[in-house]
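Here is what each chain is made of, one letter per residue.
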Amino acid sequence: MGKTSKDKRDIYYRLAKEEGWRARSAFKLLQINEEHNIFEGVLRAVDLCAAPGSWSQVLTKSLRQNAANVDDVKIVAVDLQAMAALPGVKQIQGDITKVSTANEIIQEFKGLKADLVVCDGAPDVTGLHDIDEYVQSQLLLAALNITTHVLKVGGVFVAKIFRGKDVSLLYSQLKQFFEYVTVTKPKSSRNSSIEAFVVCQNYSPPSGYIPNMVNPLLDHKYCDFNQFTGPNRFIVPFNACGDLSAYDSDTSYPLILEGQTMYEYKEPVQEPINPPYKDIIDKTKKLQIKNS
Amino acid sequence: MPLMTRTDVTAVKFFDNYVLAGIGSQVNVFDKNSGSFLCKKEVLTGQKIYGFVISKCRQRILVFGGKKFTVVKVKVECLDTDMLERCFEPVVCNDWLLSCLWCGDTIALLTAHNVVQKWDVSSQTLVSEHASKDNSILYSGLLVPLCEDVLVMAGTVFSESIIHKCGDKVPLHRLRGHKGVIFSISCEPDKNLIVTTSDDRSVRIWSPKTIPMLPSNSLDYWQNIDIVCKYELYGHQARVMRNCITNSYVVSVGEDSVICIWDFEGKLLKKNTAHQNGCIWAVDYSDNLLVTGGGDSGVILHPLATNKHYCESQIINIDVGMPKRVLLTARRNVVILNDEDDLMYYIIDSKKTTAYKLSHESTYKLLSLSSCKQMVAVADMNGKFDVFAESCKNEPVLVNLIDTKLHLGKILSMHWAGNRHLVLCSEDGNINVLAYNNNTELYASFSLPACKERWLTSAAVDMKANIFVLGDRCGNINVYVKGKRDPIKTFIKVHGRYGPTSITIKNNHVVTTGRDGAIKYFHVDSISNQFNYMNRKDLEFPWVEKFLDKDDNLICGFQERVFVVYNMRDSCKVLEVACGGGHRSWDAQRCIIKTKDKFEPIIQLVYVKNSDINLQTYFLNKLMSRNLIKGSHSKEINCLKVYKDSQDNTKSFYISGGEDTTLRISSADIRHDMNITFRDEVVFKHLSSVRTLKLVPTIPNGLLVISGGGRAQINIKNVQFIKNADEIEVESQELVEYLVKGTDKERKGNQSWKNCTVDFDPETRIMDIDVIKDNEDLFIFAGCSDAVLRIFSFNNTFKTITESKYHKTCILKTHCFRFLDKDILATATTRGNVAFWLIDDLHSKDNWEPFFIVKTRESGVNSIATKVFDNNILLATGGDDNSILLHFLKPNQGELTSLAIESTWSSSNYHSSQITGILIVEDLLLSTSIDQRITLFKWNIENGIDCEYKTQMYSNVADIQGMDVLDVSSDSIKVCVFGKGLEVVSIPKHSN
Ligand SMILES: C[S@@+](CC[C@H](N)C(=O)[O-])C[C@H]1O[C@@H](n2cnc3c(N)ncnc32)[C@H](O)[C@@H]1O
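Scoring rules and cut-offs
Residues numbered from 1 in each chain as written. Chains lettered and ligands numbered in written order. Predicted model: local features only at pLDDT ≥ 70, side-chain atom pairs only at ≥ 80, totals over all residues. Heavy atoms only, no water. UniProt positions renumbered as here; feature names shortened; annotations may be inferred. Helix = DSSP H or I, 4+ residues; strand = E, 2+ residues; numbered from the N terminus. Rg over C-alpha atoms; globule rule 2.2 N^0.38 Å. Buried < 20%, exposed > 50% of the residue type's maximum accessible area, 1.4 Å probe, protein only. Contact = heavy atoms within 4.5 Å. Near = heavy atom within 4 Å. Polar contact = N/O pair within 3.5 Å; in protein donor to acceptor, adjacent residues only side chain to side chain. Areas by Shrake-Rupley, 256 points an atom, 1.4 Å probe, with all protein chains shown as cover. Nonpolar A, V, L, I, M, F, W, Y, C, P; charged D, E, K, R; others polar. Pairing = 2+ DSSP bridges. Axes fitted to C-alpha atoms, helices over the stretch in contact; angles between N-to-C directions. Buried area = accessible area lost by both parts, 1.4 Å probe. Salt bridge = Lys/Arg side-chain N within 4 Å of Asp/Glu carboxyl O. Domains from an automatic or database assignment.

By the naming in an unreviewed UniProt entry, chain B goes by tRNA (34-2'-O)-methyltransferase regulator WDR6 and is assigned to Manduca sexta. Listed under Subcellular location (unreviewed entry) in UniProt, the entry text for chain B is "Cytoplasm".

By the naming in an unreviewed UniProt entry, chain A goes by Putative tRNA (cytidine(32)/guanosine(34)-2'-O)-methyltransferase and is assigned to Manduca sexta. In UniProt, chain A has this text filed under Sequence similarities (unreviewed entry): "Belongs to the class I-like SAM-binding methyltransferase superfamily. RNA methyltransferase RlmE family. TRM7 subfamily." Quoted verbatim from the Catalytic activity (unreviewed entry) field of the UniProt record, the comment on chain A reads "cytidine(32)/guanosine(34) in tRNA + 2 S-adenosyl-L-methionine = 2'-O-methylcytidine(32)/2'-O-methylguanosine(34) in tRNA + 2 S-adenosyl-L-homocysteine + 2 H(+)".

**Student:** Could you clarify how one ought to interpret the overall build of chain A in this entry?
**Tutor:** Along the backbone of chain A there are 8 helices and 8 strands. The C-alpha atoms of chain A give a radius of gyration of 20 Å, which matches the 19 Å a tight globule of 292 residues would have. Split into buried and exposed, the 292 residues of chain A put 57% on the buried side. Sequence-distant contacts in chain A: of pairs separated by 6 or more residues, those separated by 24 or more amount to 72%.

**Student:** Just checking my understanding: could you explain the overall build of chain B for this structure?
**Tutor:** Within chain B, the regular secondary structure consists of 3 helices and 84 strands. On C-alpha atoms alone, chain B measures out to a radius of gyration of 32 Å, which is about the 30 Å that the 2.2 N^0.38 rule sets for 992 residues. Projected onto its principal axes, the C-alpha coordinates of chain B cover approximately 95 × 95 × 50 Å. Counting every position in chain B, which comprises 992 residues, the buried fraction comes to 64%.

**Student:** Sorry, what's going on with the site of the ligand here?
**Tutor:** Residue and element names in this part refer to chain A. Taken together, the neighbourhood of the ligand is formed by 20 residues, with Gly 53, Ser 54, Asp 79, Asp 95 and Asp 120 sitting nearest. One of the backbone nitrogen or oxygen atoms of Pro 52 is found 3.3 Å away from an oxygen atom of the ligand. Note that a nitrogen atom of the ligand is positioned 2.8 Å from one of the side-chain N or O atoms of Asp 120. Relative to its unbound accessible area of 610 Å², the ligand is 85% covered by the protein chains. Here the residues of the shell around the ligand sort into 10 nonpolar, 6 polar and 4 charged.

**Student:** I'm lost on the sheet that holds strand 39 (residues 411–417) of chain B in this one. Help?
**Tutor:** In a beta sheet, neighbouring strands pair by backbone hydrogen bonds and run either parallel or antiparallel. Residue and element names in this part refer to chain B. A sheet is described by the order of its strands in space; here 4 strands give the open sequence 39-40-41-42, paired in antiparallel fashion. In this open sheet, the two edge strands, each paired with only one partner strand, are strand 39 and strand 42 (439–447). Within the sheet, the average angular offset between the axes of one strand and its neighbour, ignoring direction, is 25 degrees. Across 8 bridges, the pairing between strand 41 (residues 430–437) and strand 42 is antiparallel.

**Student:** What's the story with the side chain of Gln 604 of chain B in this structure? I'm lost.
**Tutor:** All names here are of chain B. Structurally, the position occupied by Gln 604 is in strand 56 (residues 598–609). For Gln 604, the side chain forms a polar contact with the main-chain oxygen of Arg 332, separated by 3.0 Å. Sequence-distant contacts of Gln 604, that is, excluding residues within four places in its chain, are made with Leu 328, Arg 332, Ile 348, Asp 587, Ala 588, Gln 589, Cys 591, Leu 615 and Gln 616.

**Student:** Could you clarify how one ought to interpret the UniProt feature "active site" (unreviewed entry) in chain A in this entry?
**Tutor:** Residues and elements named next belong to chain A. The sites that UniProt annotates as "active site" (unreviewed entry) are Lys 160. Tracing the sequence through the fold places Lys 160 in strand 5 (residues 151–162). Owing to a relative accessible area of 8%, Lys 160 belongs among the buried residues under this scheme. Ignoring any residue separated from it by four or fewer positions in sequence, one finds Lys 160 in contact with Cys 119, Asp 120, Gly 121, Ala 122, Gln 136, Leu 140, Glu 195, Ala 196 and Phe 197.

**Student:** Hey, could you run me through the sheet that holds strand 49 (residues 518–525) of chain B in this one?
**Tutor:** Residues and elements named next belong to chain B. One open sheet holds the 4 strands; their spatial order is 47-48-49-50, and the pairing between them is antiparallel. At either end of the open sheet lies a strand with only one pairing partner, and these are strand 47 (500–506) and strand 50 (530–538). Mean inter-strand twist for the sheet, computed between neighbouring axes without regard to direction, equals 20 degrees. With 8 bridges connecting them, strand 49 and strand 50 associate as antiparallel partners. Looking at strand 50, one finds that Phe 522 is bridged to Tyr 533.

**Student:** Just checking my understanding: could you explain the UniProt feature "binding site: S-adenosyl-L-methionine" (unreviewed entry) in chain A for this structure?
**Tutor:** UniProt's feature table lists "binding site: S-adenosyl-L-methionine" (unreviewed entry) at Gly 53, Trp 55, Asp 79, Asp 95 and Asp 120 of chain A, given in the numbering used throughout. Checked against the element boundaries, Gly 53 of chain A lands in the loop between strand 1 (44–48) and helix 4 (54–66). Look at Gly 53 of chain A and you get buried, because its relative accessible area is 0%. When near neighbours in sequence (up to four residues on either side) are disregarded, Gly 53 of chain A contacts Arg 22, Met 83 and Leu 86 of chain A. Within the secondary structure, Asp 95 of chain A is located in the loop between strand 3 (89–93) and helix 5 (99–108). Ignoring sequence-local partners within four residues, the contact set of Asp 95 of chain A consists of Leu 80 and Thr 101 of chain A together with Ser 136 and Phe 158 of chain B.

**Student:** Would you mind going over the interface of chain A and chain B with me for this structure?
**Tutor:** How big an interface is tends to be expressed through the accessible area that disappears when the partners come together. Contact residues are listed per partner, giving 65 residues for chain A and 81 residues for chain B. Summed over both sides, the interface between chain A and chain B buries roughly 6300 Å², with carbon and sulfur atoms accounting for 52% of that surface. Our count for the contact surface shared by chain A and chain B stands at 4 salt bridges. A salt bridge links Glu 763 of chain B to Arg 9 of chain A, with the shortest nitrogen-to-oxygen separation between them at 3.4 Å. Linking chain A to chain B there are 21 residue pairs in polar contact (both at pLDDT 80 or more). Elements with a contribution of two residues or more to the side of chain A that touches chain B: helix 1 (5–9), helix 6 (129–150), helix 7 (167–175), strand 8 (238–241) and helix 8 (278–285) of chain A. For the side of chain A that touches chain B, a count of residues per class yields 29 nonpolar, 19 polar and 17 charged.

**Student:** What should I look at first to understand the domain arrangement of chain B in this one?
**Tutor:** Residues and elements named next belong to chain B. Splitting chain B by domain gives domain 1 (4–309), domain 2 (322–553), domain 3 (632–748 + 761–800) and domain 4 (806–992). Here domain 3 and domain 4 have C-alpha centroids that lie 22 Å from each other. At the interface, 29 residues of domain 3 touch 29 residues of domain 4. Here domain 3 and domain 4 share an interface that buries about 2300 Å² over both sides, 66% of which is from carbon and sulfur atoms. Linking domain 3 to domain 4 there are 0 salt bridges. In this structure, the connection of domain 3 to domain 4 is made through 7 residue pairs in polar contact (both at pLDDT 80 or more). Broken down by secondary-structure element, the contributors of at least two residues to the side of domain 3 that touches domain 4 are strand 59 (637–643), strand 67 (766–774), strand 68 (777–784) and strand 69 (789–795). Counted by class, the side of domain 3 that touches domain 4 contains 18 nonpolar, 4 polar and 7 charged residues.

**Student:** Just checking my understanding: could you explain the pattern of salt bridges for this structure?
**Tutor:** Any two side chains of opposite charge can pair, on the condition that their charged atoms come close. All names here are of chain B. Within this structure, the stated rule accounts for 58 salt bridges over all chains. A salt bridge links Lys 694 to Asp 768, with the nearest nitrogen and oxygen atoms 3.6 Å apart. Of this pair, Lys 694 sits in strand 63 (residues 690–698) while Asp 768 sits in strand 67; the two residues are 74 residues apart in sequence, bridging distant segments of the chain. Asp 768 shares its class with Lys 694; the two are buried.

Here you go:
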């Protein structure tokens, strides 16, 4: 398959390269902001599960516009994976489900609180939807747990969510901590994918809630808060975000876009880090069973 | 309980004489020996089963999955559903369960946050909880009994397996070395073995460096060992999901559909593929059997055997010369042609060789064996010609029947067609057919159309129809009748550059194989002189040589240097032998032998390697797997329609297309409600995922199947359901194969098999199609990902009619319906627009525009349905925003094109995810969604459109992509939902 076929199949992949973003995900955050104004007045932000770093790029660019003094902007990016350096972004390599990582983040803020926490974390999917949904929800809850330590009251939390069979349980949980919870799907996210984002606004933990990182937050169960079947009790409004003129990630666009006269192939901004098992692929290839 | 559930099989277990399989929330029980289905029972309600743990007394089975567990008992004396008794309603824990262990009347459970919970089973109460310090998410884990307590093995995301005693803060061991998530851990303390598998595609065998003189179930033992990775094993091409340690082997299964059997020293003994490229999720063993459960919904029993059990091999010595060609005869002996002008006959039982001098002048020799494998013809290029026959009774001998010289010019090829006709091809395409009847006579002469390498590669005859079907070196298939020199029909370039490797004719069907990885089917009707290409089947190996048995079930060929035997019925490889490749001389056959008063099917393989003649016998009983449940699609089903044939009401047919790029026609035997047997009848391949299909009934008992999907492909097939004795046979003919220009390579490739009439970007996906029939013409409306609506017509030929670029974004749905005696098309996009188009006189449309638009929502419309009544339209749409919208549309003063919205109804309270299926049946509305729920409503228009919630059901099928109605009766409605698998449920109409 040709070099350009991915450009043809995925408009946002191509645009990311053209606009200098490290990943196509950048557009998701930009489009969420267009609809929800999540960057308004934000100076301090935490970017959880940040690698390769396109959300951090977006945050850097946007928060600096809010600040009179660039030094007031504080962005902490956390990921399991190493990430190429970004000016103005403090990086922590670690697991967001671990206490030690949470402590590191808290220390970075030196007693101050963040205005915004975002989490784009996604596990390596197994292909079994219920396990994937479970692991994804645990990432979200870990992010929420960190959020309860660092987010200022009234702050905003944005996180990736899988809208699977038990998603309403997560909604009910988020509603305990935030006044407004909305699900949003950026135009840059495929129609067919189960991925969406929760935008949680006005952080207001239950009175007397004491953040605790030692015990993980466990998700809700049916019967406590919600029924297994029947109308949902926790209705979370849904909206599509990205303005009307935005490209649509399901649409196949020609290489020469409307209003353009030429197309030039661009290399990815940040080459993907080699999979850890690259050498293993070679080992497997050589293998053969001897029959006698 | 659903009538039929087919989805990922995530747990399997042998239990006494039974095999248990966890399919969704149900336990299915099979008899281990006969393989027959015994019963199924809903056990975990709303939760997939991930494991079975049998209690020590073997009376109770703990069933767990997700956050739930329960206990069942098997009552051997009871039949059917009563055989399984659930002791209590599933208990819901606060976290995901990974491993369970019986400790008397208590059970220990390991959760995904590395917490051990102990529950009292009889009262179902939590007794104690022991958290570990390492509490980030685990993907796998194992509880191992210790005499003091429980040992925990935790498989983390960070490539480490951590071993600690339950409750201890400090781990005993950290097994490091993997480079990815740990997906499975097993442990056999008595064998001093731990086996882990991982995302990094490796299997690792761990053992204590030195084995202490301590009982392996004592804490002392675990405190006093130093565990090291003994072997790092690579055999899988993808993630390795599960493993088990049997009495003598380690068995690993993976996402690549592969089962690897290793010995404890890490030697790979056997590798075989099952489950049609779907992931294998579960494995268990017992004595000499393995059972696996897969992503293709299948459950398979495999003999747990390795080469030394199923293979006998020997090397044949010939005294004179070097072996050049080898053949296997009817009596399982070997015919050898050496480089010294001898034809030799080697008798396997007596190990004796007899040689015949051939007196050839040329070294260019031709050798052919008749279909019955008793007649051997051998010739040289100059015409020296011999025929030998193997005796059928008494002492095996090879008798020379004919020894002559032919004057046919330079002979380039010679093939038996059947048992009586020899087809010789000489220079200039001169074909002479010799008939053998005590003597040879010239039976017919034909001329091979000119081509670059003008000779034959295979031949077959059908005496009833009086036709010869000959395959030539350029890949063409030529049909001849006696008396006519030129072919009466030629199919151009059927099998690529090397020509067809074999041709078989049976009941009006010609089946050809080739080195293009395919089997092709033709239909011949010599009475009406009709010869049609029907369809093809693509196999998993590129060189397909020939069928090995008369049932056309086992087929052999090569994958690079490996000889492959493939089981057509079960779509899996049976045998792989690294013999060096198909270019060397070799032969294989399937036959039955008698061993110790037992008849056994075997495969005999002979090949020359390094001048040695290797003869091998493979015992099929120790090689062939057996399906308990037949698998089907290995990935999501994107589209599905159910068809009932009027000739047989015991069956329904499912036509489905999926992400695995296949289109399948499957049958479901519905005689027994609780045991519907489902099997694929035919499987077709697309170039990319199949996203949509529509059926158009033909008369009588047939269908046109129109399918579309990725790589801008549209296919049309004619499918006939032919009653043959008690069985219905599905016969299909490919009418339109694809119309995309394709990649450069394909464009240059042979055009004759494709209809290259349409030219649009191959990256475009066909998202949905709908079809209307207008007299003999079929009009196909294709909604495409490049926002273009394309209209094609089909009536023998496939043509582009017109296209519209009205929509600016991806079209997700196309839907046709009749309204006021007109055909109307509705199209829906990713931006929530639904456009209505009037279908009339399409040929003259250049600028086709919709006459009415409804903006339903901001996001995509993933399902659409309409109902017309009293000259009004009820439009139902379901979307990515979880909402169901009803629009009640009325034409202004009865004017069709002046529709207006009369009233609307909407709700997003019933589904929490994208709504992928919506249906209007009578006064009912059904919806389904990725959230695995099916909702039933009742609508009315008393005061504008209104809709009332009736009931909701859970489905075991993940990633639901849609649904189809099977049956509507006065009190219930039967639907099939599909996605990761499929499920048939009956929904009561009057529930509330
Ligand atoms: C979709 S990517 C994020 C892309 C990023 N927002 C950007 O714009 O470049 C998901 C990331 O989640 C990270 N991740 C997954 N599990 C994690 C965990 N437990 N702790 C920290 N990071 C995690 C992965 O390493 C991966 O880089």
